[in-house]
Structures are given as structure tokens and as C-alpha cells.
Amino acid sequence: MGRYLLRRLAACLLLVWLVLTGTFFLLHLAPGGPGGALEDPRIPSEQRLRWRELWGLDEPLAAQYARFLGAALRGEWGHSFQHHRPVAAVVAGALPATLLLAGAALGVEWTAGLLLGVAAARRPGSLFDELLRFLSLLLYSLPTFWLGLMAVLLFSFRWPLFPPSHLASVGAEALPPLARLADLGAHLVLPALAIGLPSAAALARFVRGSLVETLGQEFVLAARARGLSGRRVLWGHALRASLAPLSQLFGLSLAFLLSGTLAVEVVFAWPGIGRVTFDALAARDYPVVLATTALSATMVVLGSLVADLLLAWADPRVRRA
Amino acid sequence: MRERGGRRLLLTGAGLAALLLAAALAGPALLPHAPDTQLDPVAARHLPPGSTRLLVTLADGRTLAAERVAPLPGGGLRLTRLGREQHLAASELADAPVRPTRFLLGTDRFGRDLAARLLAGARVSLAVGLAAVAIALTLGIAAGSVAALGGRWLDGVVMRIADAFLAFPRLFLALAAAAFLGPGLPTAIAVLAATGWMGVARLVRAELLSLEGREFAFAARASGLPAGRIFLRHLLPNALTPVFVDAALRLGDTILIEASLSFLGLGIQPPQASWGNLIADGRDALASAWWVAAFPGAALVVAVLAFNLLGEGLRDALDPRRRRPC
Amino acid sequence: MSRALRLALLCAGALAALAALGCTRERPPAASSGGTLVVATLVDLQGVNELLSSDNRFTGEILELLFPRLLVELPDFESGPPSFAPGLAESWERSEDGREILFRLRPGLVWSDGEPLTAADVRFTFEAQTSPEVAWSYAHAKEGIESVEVLDDRTVRFRFREPYATQLLDANEGGILPRHVWGERPFASWREDADWFRDHLVVSGPFLLAAWRPAQEVVLARNPRYWEPGRPRLDRVVFRVVPDQGAQLAQLLGGGLDFVLGVPPARAAEIAANPGLQLFPFWNRQYDYIVWNTRRPLFADTAVRRALTLAIDRQELVDALWFGYARPALSPLLSSSWAFHRGLEPWPYDPAAARRLLDAAGWVERDGGRVKDGERFAFDLLTNAGNRVRVDAAVMIQAQLARVGIEVRLRPIDLNTLNEKALAHDFDAMLSGWGIDTSMDLRFAFHSEEAEGGYNFGGYANPEVDRLIEEVQRQRDLAAAKPLLDRLQEILHEEQPYTLLWEPQRLAAGRAALRDAQPNALATFFRLEEWWLAPPP
């Protein structure tokens with residue numbers, strides 16, 4: 001197990017390095033560079049050249065790459081070109097908002113997904129099951145950003161129930177803690193649903209499938225024969241047996257935690273990592289792009305590792321293999 | 001019960017998909033306006049769905065959208081436009097100038113017919129989706145075959161490359177591609193294909209590996225058939241069934257991703273319409289003209305749903321072995 | 001008394017009169033009852049150190065409120081060259097030889113931490129502005145200044161290498177920074193950590209930075225140590241980042257916002273008609289243009305460039321894209337400025353005349369296009385993808401030029417790529433814009449020396465234009481340069497190195513209760529310390 005883990009971790013490192021190297025060279029070789037629009041004649045191009053020099057962009061590419069790798073190994077990501085702040089501070093500033101949103105979305109996904117999946121699995125083939133199947137396919141087909149826009153249209157503009165954007169209201173910092181929490185919750189509702197519902201649909205389909213399969217297996221039938229109630233069989237035995245593939249799925253949803261929120265962050269003016277990445281790409285803020293790429297690649301790679309480990313933990317057969 | 005449900009899905013999906021394809025193909029012939037024609041940016045701007053206007057064509061090619069038109073002696077027209085009266089002499093008008101028009105889905109900020117733009121967007125979104133999936137399939141089948149049959153070392157290399165592509169942020173790839181190739185339709189296809197082949201490769205590889213271990217493969221090898229022939233005649237056709245079932249589902253996903261890239265401004269560029277950039281257009285006017293964002297999104301949902309239904313149905317019908325849990 | 005000083009006193013008087021006028025309309029509340037103004041912004045603050053932020057207009061405006069300049073430039077460029085009112089400096093004087101300007105600071109100025117603001121701060125600011133390690137965006141403005149000397153706590157002398165027309169404008173560029181705090185950090189490390197300046201923020205303007213939640217909001221609060229008694233009138237100003245104009249307007253209409261900057265022109269009429277709101281249109285110091293690459297044979301011929309201008313219906317662009325809140329541009333000096341040549345005869349939209357010019361230049365019509373020496377008249381038009389007005393304009397121009405047989409291939413591309421192509425003259429034609437200051441300096445875009453590495457993207461070269469541009473900047477009094485500027489504009493009008501498209505207005509909107517707001521082209525939040533909200537009736 002230990003050697004397996006080490007080998008997997010080494011493979012992860014290799015992958016992240018590959019992705020970062022690809023990103024580095026694509027970024028630097030792409031036509032155009034940082035510096036912003038040429039629409040203010042008072043900023044002469046000599047000054048823009050001076051910035052390139054200060055950013056180290058006039059060195060040979062190989063030297064820049066070596067410097068970048070060396071610094072990255074020491075955990076240094078440099079300074080943002082556009083914000084003049086350490087990249088770590090830029091990322092750390094935006095990460096909590098994204099984690100909050102992704103966490104809430106994950107909550108929606110797993111609560112709704114499990115409930116719907118189990119409900120459908122109880123009477124496979126029934127009209128209810130068919131309906132749920134269609135509904136989950138429909139939900140699964142919804143683009144998150146459009147769902148978000150329509151939610152704003154209906155629940156912010158038509159019936160003003162929830163705020164249409166941001167993470168807090170004006171003056172929220174002056175509220176008592178509980179009211180602030182409520183304010184935050186209200187701001188979370190629409191974006192979390194927009195991200196969570198389509199994924200919940202996918203999850204529900206998965207849960208239903210694996211439950212139906214286990215419910216037909218011998219040990220469940222045996223439990224039934226012993227006279228256990230349908231509910232206990234379902235939640236106690238069958239669901240636990242389906243844990244293995246489910247936990248793998250959970251690992252995978254962690255992997256795409258950071259990349260899944262971007263479009264919704266744009267719609268809801270959510271100050272998260274997706275917006276930071278997007279802005280940095282548009283401004284060619286190389287250090288920030290590289291850092292967020294590293295972060296998201298690490299999440300993807302580690303997420304699939306965690307998925308495999310969870311699978312191994314939940315399913316002894318895999319562990320032995 | 002299960003089978004019947006599958007067939008129902010298949011039929012619904014196939015029907016919707018056929019309808020969409022037909023609409024996209026017929027596109028321009030269905031409506032009187034080209035999707036880029038700005039009918040009257042001032043008076044036909046953001047007309048709600050179902051509005052009717054009398055379109056008056058002028059001699060210089062421009063169009064005015066009027067609420068009412070009355071003939072004047074001498075061949076001229078008196079039109080009421082935005083509640084104000086305006087007189088036009090016969091010399092200012094084109095031949096057969098007045099055309100009553102109903103805007104089924106309303107108009108956008110330039111008085112462009114949203115229905116026409118929706119259809120134009122359907123062509124683009126479907127074309128991008130189909131092309132990208134076709135390329136991804138080709139790449140994926142090639143890579144998967146090489147990985148499965150090319151020996152341990154090649155397998156490792158190909159699959160690590162696939163992993164790296166999987167970990168590569170699509171957003172970044174889209175932007176880099178736009179910088180290198182210039183944004184637009186071919187770039188969008190390239191980006192979607194480049195980020196879509198890995199799943200296919202994995203599927204093909206897994207299928208081939210499991211088929212290789214089966215009896216008929218042993219038998220074929222024992223009978224002394226050349227390896228290339230075994231691959232082409234026996235292994236590949238058997239491996240492809242699940243791949244094509246998967247392709248229908250993949251098509252839905254690809255269209256969805258294209259829409260979100262275009263929504264973020266990284267995919268199809270205006271004036272070319274795609275459902276994603278139409279929704280982006282509508283976002284700015286969400287409070288005052290809901291239809292601009294709502295209808296393209298609904299079309300997008302229908303298309304993605306159609307391919308998902310189709311994929312699910314196909315899976316149930318063709319490939320009971322690996323029926324996707326539902 | 002020098003001319004500049006006389007002018008300054010005049011302007012100060014005018015300003016006082018203006019303020020008095022504001023008071024007679026309706027009496028503002030006592031200073032203590034100011035209230036909170038909530039403003040929407042599309043973008044976030046970039047940082048609190050002006051020398052580190054590049055061309056983000058919003059950041060510049062906020063920082064001007066925190067760090068006032070020596071003088072306040074007045075928005076009267078319609079009537080004459082830049083004029084100024086006292087800011088941190090109460091008076092100024094130019095020496096007889098024109099090489100020195102002496103500024104006298106107000107008595108008793110203090111930073112928000114109570115430390116006095118002195119001439120040493122002014123000198124420190126100059127050092128920071130010109131430090132190559134800081135690499136300030138606008139350092140160029142200080143190139144003509146030889147030294148800044150402290151004569152006493154309240155007196156500082158700017159010495160120039162030679163006298164020129166926009167000395168005062170250049171000397172005044174940039175807010176005064178706190179030496180006693182920021183001077184502790186070596187310039188070499190300024191660009192590394194903008195957060196340090198936020199954590200060590202000391203200001204001298206009417207407002208303090210009370211809170212800054214990145215990508216969410218910027219909160220300004222009254223600076224109790226501000227020198228002007230009774231100002232600011234508002235207690236707090238909250239700038240909310242709402243990166244979507246539609247959402248901004250929705251919130252303004254819903255009552256969640258008091259002031260919105262950047263109303264889409266399409267919705268201006270709706271705002272103007274709403275009794276609960278007021279619209280503030282003002283001419284922006286910006287114009288958009290198409291630059292023709294004169295190094296490409298296609299656009300080397302003046303007659304062809306003129307034909308292109310004649311074939312582009314700029315009024316239609318203005319009507320369709322700006323809903324009347326713009327006008328066709330005529331000259332690179334804005335038509336709202338004093339220096340604009342009113343005698344210019346606008347090139348009309350005249351496709352027939354354009355066809356005649358093209359025919360005469362040898363481009364004959366064939367198969368719906370135009371051909372000369374076997375080559376079709378077709379070119380790429382570049383613009384930055386993502387700028388909707390420009391892409392929309394390019395689409396309309398494509399259709400207009402098609403009517404005279406010219407094929408335009410539309411190329412919306414990423415901004416950074418566009419920059420590189422523009423600087424390398426690697427394009428046929430490009431649709432872009434300039435945001436300009438009041439110096440009336442046309443060197444950057446039209447002097448032939450600026451073609452290599454500078455912003456003369458089209459490679460335009462005309463010795464007479466070069467000579468005139470140089471002569472204008474040598475004048476000691478800009479007003480005296482008017483005949484030279486007129487001649488320059490005539491040549492550019494005749495030769496059309498640019499086809500000028502439009503000069504837009506900027507539209508701001510506020511609640512009807514907002515009083516004494518005077519957003520203008522120099523500063524949207526111009527004299528924000530005077531703004532106040534009338535209590536509900």
C-alpha cells in the first residue's frame with residue numbers, strides 16, 4: 001500500500017509538472033503579452049518595455065523557465081503583474097469565496113442527489129422512477145450559467161426573494177453575527193443551486209443505478225427474508241454496499257470543485273478563484289495564471305487519487321488487487 | 001418495463017435531435033430575415049416575443065419598423081414609427097416596400113430577429129459539436145488502440161498524455177488557442193476536440209483489453225490471422241459499439257461546453273451567432289428584455305437533452321451489458 | 001503677477017461662484033448629517049498606490065479623492081487651454097524665463113495620521129514618480145522636469161529643462177504621497193507588494209479608505225482632518241463592484257444604488273424620463289477611429305483613404321450604437337475642446353463620391369468587387385474581441401463598405417495580440433480608440449518618429465506634420481499655438497491617416513435626491529466632497 005501510494009504520488013507530481021510546463025510555454029510563446037490596452041497615449045511604449053524588463057520577460061525563455069521552476073519548487077509563485085501583490089495573496093484572497101460556493105453546491109448536489117436516487121431506486125420501473133429519470137436527464141442538460149441567469153430573472157427581478165449577485169449586502173459588516181450569516185446564506189442560495197442541481201441530477205442517476213443493482217443481490221434478498229423492514233434494508237444494507245462507487249464519485253467531484261464554478265461566478269459577480277483566473281488570462285498576468293493552473297491541476301490529480309483511495313477503502317476486493 | 005422506457009427515451013431523443021438538425025439545416029429558409037440584418041436598431045429594438053411591425057424598405061437598403069403605415073397621394077407613405085408620424089416620398093422607397101412581420105421570439109438590441117439568430121446559432125452549435133466530437137472520436141480511437149495494442153511502454157506514455165490533458169484547464173487552452181489561431185469557429189472546434197478525446201481513448205483501450213482476453217480473439221490468433229487483420233476485422237468493430245453510444249452523450253456535453261466558452265467570450269465571436277454568445281448578449285438586458293437570454297438557453301437545453309436522451313436510449317437498446325445506471 | 005497666477009485666481013473665483021450657485025438652489029444639510037452614497041462600479045480598485053496602477057480609470061479617480069494634487073484641473077477645456085484652481089497648493093507662479101514654477105502649499109495641511117503635509121512630501125512624490133524601479137505609467141509627464149527643490153516647509157520649486165506649453169499640467173500630474181510613511185519602503189520593492197501600501201495608508205484628501213473588500217466593495221469615509229471646513233458633506237461613499245451594466249441599472253431602479261457610472265446609451269432615455277432619477281451626460285475625452293496602415297500599398301494612396309471615409313456612414317454608427325449620445329468625430333482634437341478647428345468641413349457619407357474616387361484611383365468594379373492590377377480590394381479589419389461597441393461597429397462598417405465594392409474581413413482578436421500587431425505594423429486596418437488628455441499633443445500618433453516602437457501604428461509620415469507637432473510643444477503658451485493646431489488638423493483632415501469614427505458621451509445616472517454632483521470628462525467624481533443627498537420629503 002505504501003509503495004503504491006508513493007508511486008501514485010510521484011505520478012501526480014509528474015502530471016502537474018507536465019501541465020505547468022505546457023502552460024508556461026504556451027503562455028510565453030502566444031502572440032501578445034501583458035501590459036493592457038494601447039489606448040492611453042500618456043503611457044509611452046518605452047515604459048511598457050521597462051515593465052517587461054522588471055517582470056523578467058526580456059530574459060531568454062529557457063532562463064525564465066528555469067527560474068520559474070526553481071521558485072515553484074520553493075513554493076514561491078512571484079508577484080502578480082497587474083495587482084503588484086504576491087500571487088499567494090491574490091489566490092488566498094479569492095479561494096475562500098470559491099470554497100464557500102463550491103462547498104454549498106456540493107451540499108446541494110449530495111443531499112438532492114442521494115435523496116432523489118434512493119427514492120427512484122425504491123420502485124424501479126415505476127412511473128415515478130420514469131419521471132425521475134426524465135427529470136434528472138433534463139436537469140443534467142441545463143447549463144449552469146443559464147440556470148443562474150434564469151434564477152436571477154425569476155427570484156431576484158420578478159419576485160425579489162434572493163439577491164442577484166455578490167457575497168454580502170451593502171453594510172452587512174455592521175450587522176450582528178447571526179444576521180450576517182443569514183445575509184451570506186441568502187446570497188449563496190441561487191449560485192449554489194445553479195451549480196448543484198445539474199450535478200445532483202447526475203448523482204441521482206448514479207445512486208439509483210448502483211442501488212438497483214445491489215438490491216437485486218443475494219445478501220439483500222437474504223436480509224429481506226430475515227424480515228428486516230424495507231427502509232432498513234435500503235438505507236442500512238444496500239446503500240452501504242453501494243458506498244464504494246459513490247465514494248469514488250465523491251473524490252471526482254472534489255477534483256472539479258474549483259473549475260466548475262467559473263461561469264456561475266461570472267454570472268453572480270462572485271469574487272472567487274474563477275474570476276481571478278479569468279481576469280489573469282485576459283490580462284496575461286503570467287504568475288497568477290501559472291499559480292491557478294497549478295492549483296486546479298493539483299486538485300484534479302489529487303481528486304482522482306483520493307477517489308481511487310476511497311474506492312480501495314470502501315471495497316476490500318480492490319484493496320487486495 | 002425497462003426496455004420500454006429505453007425505447008421511449010430513444011424515440012424522444014431521436015425525434016428531438018432530428019427536429020433540431022432539420023431546423024438548423026433549413027435555418028435561413030425558414031425565416032424572412034438573415035440573422036445579422038439589423039432591421040431597425042432604433043424602432044425594432046428589444047421587441048417582446050410575438051410583436052408585429054410593418055417593415056418599410058427604403059431605396060438605400062435600410063429598413064424602418066413602423067407600427068402603422070398609410071398610403072399618401074403620389075405613391076408616398078405616412079408611417080407611424082415609435083409613436084411619431086413620418087412622411088416618405090415614393091422616391092425614397094424600394095419596390096414593394098411594406099412587409100408586415102411578426103417576431104415570434106422578439107428582437108435583440110439591434111432589432112435583429114431573435115428567431116433567425118437562434119436558428120443561426122443552432123447551425124453553429126450543432127456544427128461545432130458534431131465536428132469536435134468526430135475529431136475527438138478519431139483521435140480517441142487511434143490513441144486508445146495504440147495504448148491497448150502497442151505494448152506496455154506505449155500504453156504508459158499515451159495514457160499519461162491523456163491524464164495531462166485531463167488536468168489541463170480548458171479555459172486556459174481556449175484562450176491560448178484563441179491567441180495562436182485567432183478566435184472563431186475552427187478554434188472552438190480544435191479546443192473542444194483537444195479536450196474531448198481522452199475519455200474516448202480510455203473507453204476504447206478498456207474495451208480492446210477486455211476483448212483481447214476473450215475466446216474469439218484467442219481463436220483468431222490461433223488460426224494464424226495477421227494481427228492487423230484481427231484488429232480491424234474482429235477487435236475494433238466490437239469495441240466501437242459502446243464508443244458510439246458514448247458519442248451521443250458526448251455530443252450533448254460538447255455543445256454545453258461550447259456554449260459556456262462562447263458565453264465567456266472565448267468561443268464563437270460575434271457577429272456570428274452561437275447559443276452561448278446569444279445568452280451572453282441577453283445577460284446585459286436581463287431585467288428589460290428577458291427573452292434575449294431565455295430562448296437561446298431553452299434551445300440549448302432542448303438540444304443537450306435530445307442527445308442525452310438519444311444516448312441513454314441507445315445504451316439501453318444496443319448495449320445492455322454496460323447500461324448506464326440511471 | 002504672472003499670467004498663470006491671475007488665471008488661477010480667476011478660476012478660484014469662478015469655482016466659489018459655482019459653489020455659491022449650488023447653495024442658492026437648495027440649502028445643503030449641516031455637515032454632520034451627510035449620509036451614505038452607494039455607487040456602482042464595473043471594476044474593482046486596483047490598489048491604493050497610484051504609481052503602481054496602470055490605466056484603470058476607476059482606480060485613478062478614487063485615488064485622486066484620497067491623494068489630492070497640488071492643483072485641481074478645471075473642466076473648462078471647451079473655452080481654453082488647461083486651467084487650474086488651488087488644491088493642496090494655494091498659489092503658484094511661473095518664473096520670467098519660464099523654466100521654474102513655484103508652488104506655495106496651504107497653511108496647516110495634515111495627513112490623516114496628524115503629521116503635517118509639507119514641501120518634502122512633494123519632493124518625495126517626484127522622486128517616486130520618476131524612479132525607474134517604480135516605473136510609474138505616467139512617468140513620461142515628468143521627463144521635462146529637471147529637479148524639485150524644497151525651499152521651506154510650504155514652498156517647493158519645480159525646475160524644467162526648458163520652457164514648454166504644458167509645464168503646469170505635467171508638474172501637477174499625480175497625487176502627493178506621504179513621505180513619512182511610504183518613504184520607509186525602498187523604491188526597489190514597491191512593485192512587489194501593493195498590500196503594504198494599503199496596510200500603511202495615510203491620506204490627505206476629503207475621504208479615508210474605510211474598507212476595501214476585493215471584487216466586492218470599496219468604502220470611503222469622511223476624513224476629519226481634511227483642510228476644507230465642512231467638507232466632505234457625505235459621511236460615507238460605498239463603491240460596489242457590479243461588473244454588469246444591466247444589473248447596475250436594475251439595482252439603481254430598485255433603490256439599492258444612488259449613483260451609476262456608465263449607463264448603456266440605449267437606456268439613457270428611460271433614465272431621463274424617470275422622475276426618481278437624473279441623468280448626467282458629459283463629453284468623454286475619448287474617440288474611436290480606424291487607422292489605415294499606410295505602409296501597405298492598399299492604403300498608401302490618400303485618395304483611397306478619403307474614399308473609405310466617404311463610404312463609412314458615421315452618423316448611422318452613432319445613431320445605432322450610441323443612441324444619440326455621441327457624435328461623429330472630425331479631428332483627433334475633440335470637437336468639444338477649445339483647440340478644435342471649427343472650420344473643418346466634415347467628410348459626408350457619400351458612397352457615390354467614394355465610388356468616383358476609387359474608380360479614379362484605378363480600382364474598377366468587377367463582379368460586385370473592385371480590382372486593380374488583378375488584385376481585389378479586400379482587407380482585414382482588426383479590433384479587440386470583447387469590446388462590443390467596436391465589434392458591432394465593425395459589422396456595420398463591413399456592410400457599408402460592401403456597398404462600394406470593398407470587401408472587409410472582420411477579425412476580432414484578443415487585446416494583447418492586437419497590441420503586438422499594432423506596434424509591429426502587422427495589420428491592414430484596425431478599429432480602436434484613444435483616451436486623451438488636455439495637452440493637445442498629437443506627437444504620439446502622427447509624428448513619423450513614433451512609427452518605430454511608438455503609437456503611430458499606421459506608419460504615417462508627413463514632414464510638415466512632424467514640424468508642426470514639434471512647434472506646438474515648443475510654445476510657452478498653448479493658446480498661442482492655435483493657428484499651428486488648426487493647420488495640423490487641416491492636413492490630417494485632408495490626408496485621413498485615420499478615419500475618425502465617433503466621440504462618445506459618458507452617461508452617469510443618480511437618484512433625484514443627489515445634489516451638487518458635477519461629473520465631467522476630467523473626473524466622474526469631480527469634487528465629490530461637495531456632493532450630498534437631499535433628505536426624503
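How each quantity is defined
Residues numbered from 1 in each chain as written. Chains lettered and ligands numbered in written order. Predicted model: local features only at pLDDT ≥ 70, side-chain atom pairs only at ≥ 80, totals over all residues. Heavy atoms only, no water. Contact = heavy atoms within 4.5 Å. Buried area = accessible area lost by both parts, 1.4 Å probe. Salt bridge = Lys/Arg side-chain N within 4 Å of Asp/Glu carboxyl O. Helix = DSSP H or I, 4+ residues; strand = E, 2+ residues; numbered from the N terminus. Buried < 20%, exposed > 50% of the residue type's maximum accessible area, 1.4 Å probe, protein only. Pairing = 2+ DSSP bridges. Right-handed = clockwise from strand over helix to strand, strands pointing away. Patch = residues over 30% accessible without salt bridge, like charges linked within 9 Å, V, L, I, M, F, W, Y side chains within 5 Å. Areas by Shrake-Rupley, 256 points an atom, 1.4 Å probe, with all protein chains shown as cover. pLDDT = per-residue confidence, 0-100. Axes fitted to C-alpha atoms, helices over the stretch in contact; angles between N-to-C directions. Domains from an automatic or database assignment. Polar contact = N/O pair within 3.5 Å; in protein donor to acceptor, adjacent residues only side chain to side chain. Nonpolar A, V, L, I, M, F, W, Y, C, P; charged D, E, K, R; others polar. Expected span 1.5 Å × (residues − 1). 1 Å grid on protein atoms, 1.4 Å probe; cavity = no way out; pocket = protein on both sides within 12 Å on 5 of 7 lines; lining within 4 Å. Points joined across faces, edges and corners; volume = space filled by probe spheres on them. Phe/Tyr/Trp six-rings, centres within 6.5 Å; stacked < 30°, edge-to-face > 60°. Core = buried A, V, L, I, M, F, W, Y, C linked by side-chain atoms within 4.5 Å. Parallel < 35°, antiparallel > 145°, perpendicular 65-115°, else oblique.

K.L.:
I'm lost on the interface of chain C and chain A in this one. Help?
P.N.:
One frequent convention defines the size of an interface as the accessible area lost when the parts assemble. Listed per partner, the contact involves 51 residues of chain C and 41 residues of chain A. The three residues of chain C that bury the most area against chain A are Arg191(C), Asn416(C) and Tyr455(C), which together make up 16% of that side's buried surface. The interface formed by chain C and chain A holds four salt bridges in total. In this structure, Arg85(A) engages Asp195(C) in a salt bridge whose closest nitrogen and oxygen atoms are separated by 2.6 Å.

K.L.:
Help me out: how do you make sense of the pattern of salt bridges in this one?
P.N.:
Should the charged atoms of two oppositely charged side chains come close, the side chains can pair. Residue and element names in this part refer to chain C. Under the defined criterion, the tally for this structure stands at 63 salt bridges over all chains. With a shortest N-O distance of 2.9 Å, Asp516 and Arg233 are connected by a salt bridge. In this pair, Asp516 sits in the loop between β22 (514–515) and β23 (532–533) while Arg233 sits in the loop between β9 (217–222) and β10 (236–241), placing the two residues 283 residues apart along the sequence. For Asp516, a relative accessible area of 15% translates into the label buried. Residue Arg233 is classed as buried on the basis of its relative accessible area of 6%. Ionic pairing is found between Asp426 and Arg296, a salt bridge with its closest N-O pair at 3.7 Å. Placement of the pair is Asp426 in the loop between α14 (415–423) and β20 (429–435) and Arg296 in the loop between β13 (286–292) and α9 (297–300), with a sequence separation of 130 residues.

K.L.:
Could you clarify how one ought to interpret the pairing of strand β19 (residues 407–413) of chain C in this entry?
P.N.:
The side chains of a regular strand alternate, first on one face of the sheet and then on the other. All names here are of chain C. Two elements, strand β18 (residues 378–384) and β19, share seven bridges in a ladder whose sense is parallel. In the sheet register, Asp380 faces β19, and the bridge partner there is Arg409. In this region the chain leaves β18, passes through helix α13 (residues 388–402) and returns to the parallel neighbour β19; the handedness of that crossover is right-handed.

K.L.:
Explain a nonpolar patch on the surface to me, please; I cannot follow it from the model alone.
P.N.:
Residue and element names in this part refer to chain B. A cluster of nonpolar side chains, namely Val146, Trp153, Leu154, Val157, Ile161 and Phe165, defines an oily patch on the protein surface of about 530 Å² accessible area. For the nonpolar patch, the element with the highest residue contribution is helix α3 (residues 152–167), accounting for five residues. Tracing the sequence through the fold places Ile161 in helix α3. For Ile161, a relative accessible area of 39% translates into the label partly exposed.

K.L.:
I tried to follow the confidence of the model for chain C on my own but got confused; where do I start?
P.N.:
The predicted coordinates should not be examined in detail at positions where pLDDT is low. All names here are of chain C. Here chain C averages 89 in pLDDT, while 93% of its residues score no lower than 70. In this model residues 1–25 is a low-confidence stretch, pLDDT under 50, and it forms 22 contacts with partners more than four residues away in sequence or in other chains. Interface confidence in the predicted complex, given as ipTM, is 0.89; pTM for the same model is 0.87.

K.L.:
What am I meant to see in the sheet that holds strand β4 (residues 77–81) of chain B here?
P.N.:
By way of backbone hydrogen bonds, the strands of a sheet pair with one another, either parallel or antiparallel. All names here are of chain B. Taking strand neighbours across the sheet as the criterion, the three strands line up as β3-β4-β5 in an open arrangement whose pairing is antiparallel. Each end of this open sheet is capped by a strand with a single partner; those strands are β3 (68–71) and β5 (84–88). Adjacent strand axes in the sheet meet at a mean angle of 20° when their direction is disregarded. Bridge count for β3 against β4 is four bridges, and the pairing is antiparallel. Paired with Ala70 across the strands is Arg78, a residue of β4.

K.L.:
Help me understand unusual backbone geometry, please; the structure alone is not making it clear to me.
P.N.:
Excluding glycine, a negative phi dihedral is what most residues carry, and trans is how most peptide bonds are arranged. Of the consecutive residues Arg231(C) and Pro232(C), the connecting peptide bond is found in the cis state with omega at -5°. Of note, Pro232(C) is situated in the loop between β9 and β10. Positioned with a positive phi, His46(B) is a non-glycine residue whose angle comes to about 50°. A positive phi angle, close to 50°, is found at Asp373(C), a residue other than glycine. Along the chain, Asp373(C) falls in the loop between β16 (369–372) and β17 (375–376). Among the residues examined, Asp373(C) registers a relative accessible area of 76% and is labelled exposed.

K.L.:
It is not clear to me how the domain arrangement of chain C should be interpreted in this structure. Could you clarify?
P.N.:
Residue and element names in this part refer to chain C. Under the domain assignment used here, chain C contains domain 1 (26–281 + 507–533) and domain 2 (286–505). A separation of 33 Å is found between the C-alpha centroids of domain 1 and domain 2. Each partner contributes residues to the interface: domain 1 has 23 residues there, and domain 2 has 17 residues. Around 1600 Å² of area is buried between domain 1 and domain 2 when both sides are counted, 64% of it from carbon and sulfur atoms. At the junction of domain 1 and domain 2, the tally comes to zero salt bridges. Our count for the domain 1 to domain 2 interface comes out at six residue pairs in polar contact (both at pLDDT 80 or more). Residues belonging to the side of domain 1 that touches domain 2 are distributed by class as follows: 13 nonpolar, five polar and five charged.

K.L.:
Mind showing me how you'd approach helix α1 (residues 2–29) of chain A here?
P.N.:
In an α-helix, one full turn covers 3.6 residues, which means residues spaced three or four apart are oriented alike. The end-to-end C-alpha separation of α1(A) is 41 Å, in line with the 40 Å expected for 28 residues at 1.5 Å each. Where α1(A) is concerned, the buried positions are Cys12(A), Leu15(A), Val16(A), Val19(A), Leu20(A), Thr21(A), Thr23(A), Phe24(A), Leu27(A) and His28(A). Packing partners of the buried residues in α1(A) comprise α3 (61–73) and α13 (286–314) of chain A together with α3 and α4 (170–181) of chain B.

K.L.:
Explain the sheet that holds strand β7 (residues 155–160) of chain C here, please?
P.N.:
Residue and element names in this part refer to chain C. The sheet built from four strands is open, its strands ordered β4-β5-β7-β6 with antiparallel pairing. The open sheet has two free edges, formed respectively by β4 (89–94) and β6 (145–152), since each of these has just one partner strand. Neighbouring strand axes in the sheet, compared pairwise and without regard to direction, differ in orientation by 20° on average. Of the pairings in the sheet, the one linking β4 to strand β5 (residues 100–105) comprises five bridges and is antiparallel in character. Within the sheet, the bridge partner assigned to Trp92 lies in β5 and is Phe103. In the packing of helix α3 (residues 119–130) onto the sheet, contacts are made with β5, β6 and β7, and the angle to β6 comes to roughly 165°.

K.L.:
Is there a simple way to explain the interface of chain C and chain B in this structure?
P.N.:
Tallying the contact residues gives 21 residues for chain C and 17 residues for chain B. Between the two partners, chain C and chain B, sit one salt bridge. Salt-bridge contacts for Asp281(B) lead to Arg388(C); the nearest nitrogen and oxygen are separated by 3.4 Å. Of all the secondary structure elements, the ones that give two or more residues to the side of chain C that touches chain B are α7 (245–254), α11 (314–322), α13 and β19 of chain C. If you tally residues by element for the side of chain C that touches chain B, the top one is α13(C), at five residues. Split by residue class, the side of chain C that touches chain B holds 13 nonpolar, two polar and six charged.

K.L.:
Is there a simple way to explain empty space enclosed by the protein in this structure?
P.N.:
Sizing a probe to match a water molecule and rolling it over the atoms shows the empty space that remains. One pass over the structure, following the stated rule, counts 13 cavities of 30 Å³ or more. When its volume is computed, the largest cavity comes out at roughly 170 Å³. Val152(A), Val267(A), Arg283(B), Asp244(C) and Ala247(C) are, among the 17 residues lining the largest cavity, the residues nearest its centre. Those elements giving two or more residues to the lining of the largest cavity turn out to be α6 (144–158) and α11 (262–267) of chain A together with α7 of chain C. Ranked by residues supplied to the lining of the largest cavity, first place goes to α6(A) with three residues. Partitioned by chemical class, the residues of the lining of the largest cavity number 13 nonpolar, two polar and two charged.

K.L.:
Would you explain the packing of aromatic side chains in this entry?
P.N.:
We describe a pair of aromatic rings using the distance from one ring centre to the other and the angle between the two ring planes. Residues and elements named next belong to chain C. Inspection of the entire model under this criterion finds 48 aromatic pairs over all chains. Ring centres of Phe299 and Phe379 lie 5.2 Å apart, and the angle between their planes is 85°; on these two criteria the pair is classed as edge-to-face. Remark: Phe379 occurs in strand β18 and Phe299 occurs in helix α9; sequence separation between them is 80 residues. Each of the two residues, Phe299 as well as Phe379, counts as buried.

K.L.:
Can you help me understand the confidence of the model for chain B in this one?
P.N.:
Looking at chain B, the pLDDT average stands at 86 and 95% of residues meet or exceed 70. With pLDDT under 50 throughout, residues 322–326 of chain B is counted as low confidence; its partners more than four residues away or in other chains account for 23 contacts.

K.L.:
For this particular structure, what's the right way to read the nonpolar core?
P.N.:
In summary, soluble globular proteins display a tendency toward joint burial of nonpolar side chains. Judged by nonpolar contacts, the single largest core of 212 residues is most densely connected at Trp275(B), Phe103(C), Phe158(C), Trp182(C), Trp190(C), Leu220(C) and Phe239(C). When residues of this core are assigned to their parent elements, the largest contribution, 14 residues, is made by helix α8 (residues 227–263) of chain B. Ignoring any residue separated from it by four or fewer positions in sequence, one finds Leu220(C) in contact with Ile62(C), Leu65(C), Leu66(C), Phe207(C), Leu208(C), Leu209(C), Ala210(C), Asp235(C), Arg236(C), Val237(C) and Phe239(C). Phe299(C), Ile312(C), Met396(C) and Val404(C) belong to the second-largest nonpolar core, a separate cluster that totals 40 residues.

K.L.:
Sorry if this is basic, but what is going on with the packing of helix α7 (residues 215–222) of chain B against α8(B) here?
P.N.:
Between two packed helices, the angle of one axis relative to the other and the distance separating the axes together describe the packing. Residue and element names in this part refer to chain B. Following both chains from N to C, one finds α7 and α8 inclined at 175°, their axes separated by 11 Å at the closest point. The pairing of α7 with α8 is recorded here as roughly antiparallel in orientation. Note on element contacts: α8 touches α7 through Ile230, His234, Leu235 and Asn238, opposite Phe216, Ala217, Ala220 and Arg221. A class-by-class count of the residues in the contact of α7 with α8 yields five nonpolar, two polar and one charged.

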